[in-house]
Amino acid sequence: MEDVIILGSGCAGLTAAIYAARASLQPLVITGNEFGGQIATTTEVENYPGFPTGLQGPELTEQMKQQAERFGTRLEYDEVIEVDLKRKPIVLKTHSATYETKALIVATGASPRKLAVPGELELTGRGVSYCATCDGFFFRDKEIMVVGGGDSALQEGLFLTKFGSHVTVVHRRDQLRAGPALAEKAQRNNKLSFLWNKVVTQINGDGALKQVTLKDTLTGETSESRVDGLFIYIGHLPNTNLFKSQLEMDHEDYLVVDPYLHTNVPGVFAAGEVHDKRFRQAIVSAGFGCMAAMEAEKYLASLD
Ligand code: NAP
């Protein structure tokens, strides 16, 4: 029987682990499929306080993990496939074990949104990617296209200019959602250009990506564009499938929490992008992780 299990190993989950471990709760973190969460798939992190010269995303999560382990956190590199929140203790099943816990912190984060167009699924890993850090290297001196107009599209597009012969950012409007700092940096980079008012309607290739079909959002005209690597950065969807019909969610499937991160089930707390669709910053998720751990500690004390 565990006191507290933390689901997820991004900034929220690992910070919750640091705080829960320092409260002598010996938390168990079930990491999920991708250790480190979203920040581990990004390159330079320049806005995390305490690192004035920046650091790499994976390095940040590795340091958080070491800090959590130093105080007694245990990590299981597994994925939860079933939960029963009606039972007390709460029951969780992973691919390899069943766990019981008095308190649960859900820090399962969010995953990249898909374009949902023909060819996307078939060509993922064969030219289509959601992670420049992971796959940029494969497109050295190749033609790269990035979809999206937010900070992620520009940050990763800029990173990809180190590899590709050219990077084209395709955006569905003619104004960026990204903040001015990244927008200016992107506009100054002569290996990066923009295609405005265009959406990808089809991804084409036979075993490997060859071209995309683009549609002009103003005229409706379609065109083909040859491309070797297509990186999709069009936002995220919360990882909440596991909790359907057990935890309260909003119309976009984000968990609903009170100001202290309590869900509708006593003893179940949420932290990070699984409920936060507004800020989506590593430091904010870390803050939520801290709050959830402190609330879990109070909840456990109330059981005694
Ligand atoms: P985002 O800000 O939600 O931007 C998503 C972009 O994708 C938008 O430009 C949107 O277009 C476009 N889009 C959405 N659905 C689409 C579709 N089906 N087809 C084509 N385009 C589509 O997401 P994000 O860029 O991942 O950023 C998420 C959060 O993380 C933001 O708060 C951002 O500030 C933060 N972030 C910060 C940094 C940094 O500070 N350096 C880096 C990365 C991310 P519209 O603009 O037309 O809606």
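Conventions used here
- Residues numbered from 1 in each chain as written.
- Predicted model: local features only at pLDDT ≥ 70, side-chain atom pairs only at ≥ 80, totals over all residues.
- Heavy atoms only, no water.
- Helix = DSSP H or I, 4+ residues; strand = E, 2+ residues; numbered from the N terminus.
- Rg over C-alpha atoms; globule rule 2.2 N^0.38 Å.
- Buried < 20%, exposed > 50% of the residue type's maximum accessible area, 1.4 Å probe, protein only.
- Contact = heavy atoms within 4.5 Å.
- Areas by Shrake-Rupley, 256 points an atom, 1.4 Å probe, with all protein chains shown as cover.
- Salt bridge = Lys/Arg side-chain N within 4 Å of Asp/Glu carboxyl O.
- Core = buried A, V, L, I, M, F, W, Y, C linked by side-chain atoms within 4.5 Å.
- Near = heavy atom within 4 Å.
- Polar contact = N/O pair within 3.5 Å; in protein donor to acceptor, adjacent residues only side chain to side chain.
- Nonpolar A, V, L, I, M, F, W, Y, C, P; charged D, E, K, R; others polar.
- Domains from an automatic or database assignment.
- Buried area = accessible area lost by both parts, 1.4 Å probe.
- Pairing = 2+ DSSP bridges.
- Axes fitted to C-alpha atoms, helices over the stretch in contact; angles between N-to-C directions.

**As for the overall build of the chain**
Here's step 1: When you go through the chain residue by residue, the secondary structure sums to 7 helices and 19 strands.
Here's step 2: The C-alpha radius of gyration of the chain comes to 21 Å, within 12% of the 19 Å expected for a compact globule of 304 residues.
Here's step 3: The buried share among the 304 residues of the chain stands at 49%.
Here's step 4: Across the chain, every contact between residues at least 6 apart in sequence was considered, and the portion connecting residues at least 24 apart equals 59%.
Here's step 5: For the chain, the computed accessible surface area is about 14900 Å², with 49% contributed by carbon and sulfur atoms.

**Quick notes on helix H5 (residues 151–160)**
Here's step 1: Most of H5 sits inside the fold, with 7 of its 10 residues counted as buried.
Here's step 2: For H5, the set of buried residues is Ala153, Leu154, Glu156, Gly157, Leu158, Phe159 and Leu160.
Here's step 3: Among the structural elements, helix H4 (132–135), strand E11 (143–147), strand E12 (166–170), helix H6 (180–188), strand E13 (192–195) and strand E17 (229–232) are those in contact with the buried residues of H5.

**Concerning the pattern of salt bridges**
Here's step 1: Within the structure shown, the criterion is met by 12 salt bridges.
Here's step 2: A salt bridge links arginine 74 to glutamate 2; the nearest nitrogen and oxygen atoms lie 2.5 Å apart. Of this pair, arginine 74 sits in strand E5 (residues 74–76) while glutamate 2 sits in strand E1 (residues 2–7), placing them 72 residues apart in sequence.
Here's step 3: Of the charged contacts in the structure, one is a salt bridge between aspartate 216 and lysine 198, with a shortest N-O distance of 3.0 Å. Of the two residues, aspartate 216 sits in strand E15 (residues 209–216) while lysine 198 sits in strand E14 (residues 198–205), which places them 18 residues apart along the sequence.
Here's step 4: Taking the relative accessible area as the measure of exposure, aspartate 216 reaches 14% and is therefore buried.
Here's step 5: A single salt-bridge network, built from bridges that share partners, covers Glu62, Lys65 and Glu69.

**Regarding the nonpolar core**
Here's step 1: Counting 23 residues, the largest nonpolar core has Val4, Ile6 and Ile105 as its most contacted members.
Here's step 2: Mapped by element, the contributors of at least two residues to this core are E1, helix H1 (11–22), strand E8 (98–106) and helix H7 (282–303).
Here's step 3: Broken down by element, the residue count for this core peaks at 6 residues, all from H7.
Here's step 4: When sequence neighbours within four positions are dropped, the list of residues in contact with valine 4 reads Ala20, Leu25, Pro27, Leu28, Thr101, Ala103, Ile105, Ala296 and Leu300.
Here's step 5: By size, the runner-up hydrophobic cluster in this structure holds 21 residues, among which are Phe163, Val167, Val169 and Leu176.

**Let's talk about the site of the ligand**
Here's step 1: For the ligand, the set of nearby residues contains 20 residues, the closest of which are Asp151, Ser152, Gln155, Arg173 and Arg177.
Here's step 2: Side-chain polar atom of asparagine 47 to an oxygen atom of the ligand: 3.3 Å apart, as the coordinates give it.
Here's step 3: Within the side chain of glutamine 155, an N or O atom sits 2.8 Å from a nitrogen atom of the ligand.
Here's step 4: Within the complex, 75% of the 910 Å² of free accessible area of the ligand lies under protein.
Here's step 5: The biggest single contributor to the shell around the ligand is H5, with 3 residues.
Here's step 6: In terms of residue class, the shell around the ligand is built from 5 nonpolar, 10 polar and 5 charged.
Here's step 7: When residues of the shell around the ligand are sorted by domain, at least three fall in each of domain 1 (2–111 + 236–303) and domain 2 (114–232).

**Notes on the domain arrangement of the chain**
Here's step 1: Assigned domains of the chain: these are domain 1 (2–111 + 236–303) and domain 2 (114–232).
Here's step 2: Taken over C-alpha atoms, the centre of domain 1 sits 31 Å from the centre of domain 2.
Here's step 3: Counting from both sides, the interface comprises 5 residues of domain 1 and, opposite them, 6 residues of domain 2.
Here's step 4: Interface of domain 1 and domain 2: buried area, both sides summed, is about 480 Å²; carbon and sulfur atoms make up 50% of it.
Here's step 5: Broken down residue by residue, the surface that domain 1 buries against domain 2 is led by Thr41, Thr42 and Thr43, which jointly contribute 72%.

**Observations regarding the sheet that holds E17**
Here's step 1: Taken together, 5 strands build an open sheet; the order of strands is E10-E17-E11-E12-E13 and the sheet is parallel. Of all strands in the sheet, those with a lone pairing partner are strand E10 (128–129) and E13, marking the two edges.
Here's step 2: The sheet contact formed by E11 and E12 spans 5 bridges and is parallel. In the sheet register, methionine 145 faces E12, and the bridge partner there is threonine 168.
Here's step 3: Of the strands in this sheet, E11, E12, E13 and E17 touch H5, which is tilted by about 170° from E11.

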